[in-house]
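Examining the three-dimensional arrangement
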Amino acid sequence: MVGGSISIGIALAENTITNDVGAYTENAKITTTDSGDVEIQAIENATIDSTAATATIAASFSIGFSLSGGGAEANSTIATTTKAYVDQGDLNLSGDLTVDSVSTATANSDASVISVSASLFGIAASGSVAKVDISSTTEAYATPSSIEANDINVTAQTTPKAYGKAGGISGGTSYAAGISKADITVNPTVKAYAGGDITANSLNIQAELILPSSGEAATADVMASSGALEVVSGT
């Protein structure tokens, strides 16, 4: 008796965040008294998780073949824009001016696959790919026509954290192969600047790329395992 079996499975997870967050004044005339401060702040906290998993099993208990193939891909993308700014206009402040833009981006991708083929001629193959892309933009600036204040602080801060995990297990009685790949891109843009007619006791401008409080900014975890299965029969 001759027979065969084929099993194929594919899983795909893809998530994207492209928020635009802004806090600003444009062409405004602002006057404060009695040590009045002005604070303009934009905050973005983006978190994304993508998980893809698949398992395939092919078996033949006669004289024949079996083919098992599995694939999984998980993609996470954060491409947010966070801006805080003062553009044009006239500001006459008796206190301080603070322009602050803060962005936190956390992205995780997890792809896993199991492929098993058991027969006289069993072939198993698997492939898993985890992709993470953080390309956020964080910007703070003050470019009024004129500004008078005590202290002026213009700051932009971003904290990215990316984790990609790809794993695969393949087992076949004749042949087994597995490929796993984690592709991580962390490329944020951070800008802070000021211009125009500025009068102040102090001017502080900072653009900061900050490491996460725990772990690394980018982490890749890859595992691929393949091996031959032994089919034992007895009477």
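**A word on the overall build of the protein chain**
- Along its length, the protein chain carries zero helices and 15 strands.
- With respect to the three principal axes, the spread of C-alpha positions in the protein chain is 95 × 25 × 25 Å.
- Taking all 235 residues of the protein chain together, the buried fraction comes to 40%.
- Pairs at least 24 apart in sequence give 86% of the contacts found in the protein chain among residues at least 6 apart.

**Notes on the environment of Ala217**
- With respect to the element layout, Ala217 can be found in the loop between strand S14 (197-209) and strand S15 (218-228).
- Looking at Ala217, the relative accessible area reads 19%, which means it is buried.
- Along the primary structure Ala217 and Thr56 are separated by 161 residues, whereas in three dimensions their C-alpha atoms are 34 Å apart.
- For Ala217, the residues in contact, after removing those within four places along its chain, are Pro160, Lys161, Ala162, Val186, Leu211 and Pro212.

**Digging into the sheet that holds strand S2 (residues 20-26)**
- Strand order in the open sheet formed by four strands is S2-S6-S10-S13, and the pairing between neighbours is parallel. Either end of the sheet is taken by a strand with one partner, and the two such strands are S2 and strand S13 (189-194). Taken pair by pair, the neighbouring strands of this sheet meet at an average axis angle of 0 degrees, ignoring direction.
- Note that strand S6 (residues 81-87) and strand S10 (residues 137-143) share seven bridges and pair parallel. Considered in S10, the bridge of Ala84 is made with Ala140.

**Description of the nonpolar core**
- Ranked by internal contacts, the top residues of the largest apolar core, which has 17 residues, are Leu97 and Val99.
- Broken down by secondary-structure element, the contributors of at least two residues to this core are strand S4 (38-59), S6, strand S8 (97-118), S10 and strand S11 (146-172).
- Here the element with the most residues in this core is S11; it accounts for five residues.
- Grouped together as the second largest cluster of nonpolar side chains are nine residues, Ala105, Val132, Ile134 and Ala162 included.

**A look at the pairing of S8**
- Direction of pairing for S4 relative to S8: parallel, over a ladder of 22 bridges. Pairing of Ala46 across the sheet is with Ala105, part of S8.

**Observations concerning the side chain of Glu139**
- Examined against the element boundaries, Glu139 turns out to sit in strand S10.
- You can call Glu139 buried: its relative accessible area is 9%.
- For Glu139, the residues in contact, after removing those within four places along its chain, are Thr82, Lys83, Ala84, Ser101, Ala156, Lys191 and Tyr193.

**A short note on a nonpolar patch on the surface**
- On the surface, a nonpolar cluster with roughly 1100 Å² of combined accessible area is contributed by Ile6, Ile8, Ile10, Ile63, Phe65, Leu67, Leu120, Phe121, Ile123 and Tyr175.
- Elements supplying a minimum of two residues to the nonpolar patch: strand S1 (2-17), strand S5 (63-78) and strand S9 (121-134).
- Within the fold, Ile63 resides in strand S5.

Rules behind the numbers
Residues numbered from 1 in each chain as written. Predicted model: local features only at pLDDT ≥ 70, side-chain atom pairs only at ≥ 80, totals over all residues. Heavy atoms only, no water. Helix = DSSP H or I, 4+ residues; strand = E, 2+ residues; numbered from the N terminus. Buried < 20%, exposed > 50% of the residue type's maximum accessible area, 1.4 Å probe, protein only. Contact = heavy atoms within 4.5 Å. Pairing = 2+ DSSP bridges. Axes fitted to C-alpha atoms, helices over the stretch in contact; angles between N-to-C directions. Core = buried A, V, L, I, M, F, W, Y, C linked by side-chain atoms within 4.5 Å. Patch = residues over 30% accessible without salt bridge, like charges linked within 9 Å, V, L, I, M, F, W, Y side chains within 5 Å. Areas by Shrake-Rupley, 256 points an atom, 1.4 Å probe, with all protein chains shown as cover. Salt bridge = Lys/Arg side-chain N within 4 Å of Asp/Glu carboxyl O.

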